[in-house]
Each structure stands twice: as C-alpha cells, then as structure tokens.
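Topology and contacts: notes
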Amino acid sequence: MADFVDTFDLAGSSEAQYETIKDEPVLTQDDRLDALVGAIAEYLPKQRRLGRVPAWVCDPARRLAEPWFTTSSPSDAMREYLTFASPAEFASRNILTEERPLRRARGPQTVKV
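Everything quoted here is computed from the prediction, not taken from an experiment. (Residues numbered from 1 in each chain as written. Predicted model: local features only at pLDDT ≥ 70, side-chain atom pairs only at ≥ 80, totals over all residues. Heavy atoms only, no water.)

**Things to note about the overall build of the protein chain**
Worth spelling out the cut-off: Under the scheme used here, helices are H or I runs from DSSP no shorter than 4 residues and strands are E runs no shorter than 2 residues, and both carry numbers assigned from the N terminus. Think of it in three bands: residues with accessible area under 20% of the maximum for their type are buried, residues over 50% are exposed, and the middle band is partly exposed, with areas taken using a 1.4 Å probe on protein chains only. When checking whether two residues touch, look at their non-hydrogen atoms; a contact exists if any pair is within 4.5 Å. All accessible areas in this document rest on Shrake-Rupley with a 1.4 Å probe, and a residue is counted as covered only by the protein chains that are shown.
When its secondary structure is counted, the protein chain shows five helices and two strands. When the elements of the protein chain are put in sequence order from the N terminus, they spell out α-α-α-β-α-α-β. Expressed as a percentage of its 113 residues, the buried residues of the protein chain come to 34%. Restricting to contacts in the protein chain with at least 6 residues of sequence separation, those with at least 24 account for 63%. When the accessible surface of the protein chain is split by element, carbon and sulfur atoms take 51% of a total near 7400 Å².

Printed below as a string of structure tokens:
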C-alpha cells in the first residue's frame, strides 16, 4: 500500500495522479483488502482535490459487512475513538481507523545523480 500511495503522490500532475487510480484493481477475495483499496482510491483524490474519484470505488464489493477496527486489540475506548475519527471514505466501508490513515513518517529526500 505504501508503494501505491507513493506512486500516486509522486505523479507529476493531477491528471497523472488520477491515472494511477482510474482503472479498478482486480478483487483479491480478501474482503478487508478489497474494501481498503476502495477507501484509499476515494480518499486520495479528495485529499489532493482532484475533483473526481473513479466510479469503481462505489462497487459493493469494496465495502465490509462488519466493522473492522484497524488496531491490533481495540479497547472499548479505542473503538469509540476510531468510530468517530475515521474519515468518511473509510467509515462508509466499515473500516474504522485513525483520523489520518495514510500518514507516514518521511525523512528528507535526496536525489542521486
């Protein structure tokens, strides 16, 4: 997933970013992964203000029937926090996660010539 997000973020323009997500990936038969891919493909263009999301993200196969709390052992308090903190693109798919689910630590980038 990190490589996918990096590919999207490093695309040279808004159009190039959209090109990285416009075609629907094959369903993996892992319900969580399939829903997560849908959530990310809806979340990224909204966060980057691309003005459109691919239609395939609305596929019911990209949604979970039961809630998935994305923490290893959620307490009642953590479940409540995740329920309210989850971005709409994730919560609408029953993926309950932190407020900024794609946040990653990044150090300075150096370009080798």
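That shown, we press on.
**Notes on helix α1 (residues 2-10)**
Note the cut-off: The arc in question is traced by the directions running from the helix axis to the C-beta atoms.
Those residues of α1 that fall on the buried side of the exposure criterion are V5, D6 and F8. For α1, the buried positions fall inside an angular range of 160° around the axis, keeping them on one side. The exposed set on the far side of α1, more than 90 degrees from its buried face, consists of D3 and L10.

**A short note on the pattern of salt bridges**
How we decide: A side-chain nitrogen of Lys or Arg and a carboxyl oxygen of Asp or Glu constitute a salt bridge if their distance falls within 4 Å.
A full pass over the atoms with the stated rule returns seven salt bridges. Here E15 ties to R52 by a salt bridge, and the two come within 2.6 Å at their closest N and O atoms. Of this pair, E15 sits in helix α2 (residues 14-19) while R52 sits in the loop between α3 (31-47) and β1 (68-69), placing them 37 residues apart in sequence. Taking the relative accessible area as the measure of exposure, R52 reaches 37% and is therefore partly exposed. Linking R93 and E42 is a salt bridge whose minimum nitrogen-to-oxygen distance equals 2.8 Å. Here R93, found in the loop between α5 (88-91) and β2 (95-96), pairs with E42, found in helix α3; they are 51 residues apart in sequence, far enough to count as distant. Residue E42 is classed as buried on the basis of its relative accessible area, which comes to 13%. Three or more residues are tied together by salt bridges with common partners; here these are E42, K46, E89 and R93.

**A word on the layout of surface pockets**
Spelled out, the test is: Using only the protein atoms, space was sampled on a 1 Å grid; points where a 1.4 Å probe fits but cannot get out form cavities, open sets with protein on both sides within 12 Å along at least five of seven lines form pockets, and lining residues are those with an atom within 4 Å of a point. Grid points are joined across faces, edges and corners, and a volume is the space filled by probe spheres set on the points. Just so you know the grouping, Ala, Val, Leu, Ile, Met, Phe, Trp, Tyr, Cys and Pro go in nonpolar, Asp, Glu, Lys and Arg go in charged, and all remaining residues, Gly too, go in polar.
Of the pockets and cavities examined, the largest pocket occupies roughly 180 Å³. Every residue lining the largest pocket is counted, 14 residues in all, and those nearest its centre are M1, L36, I40, P101 and L102. Residue assignment for the lining of the largest pocket shows that the elements contributing at least two residues are α1 and α3. Of the residues in the lining of the largest pocket, the class split is 10 nonpolar, two polar and two charged.

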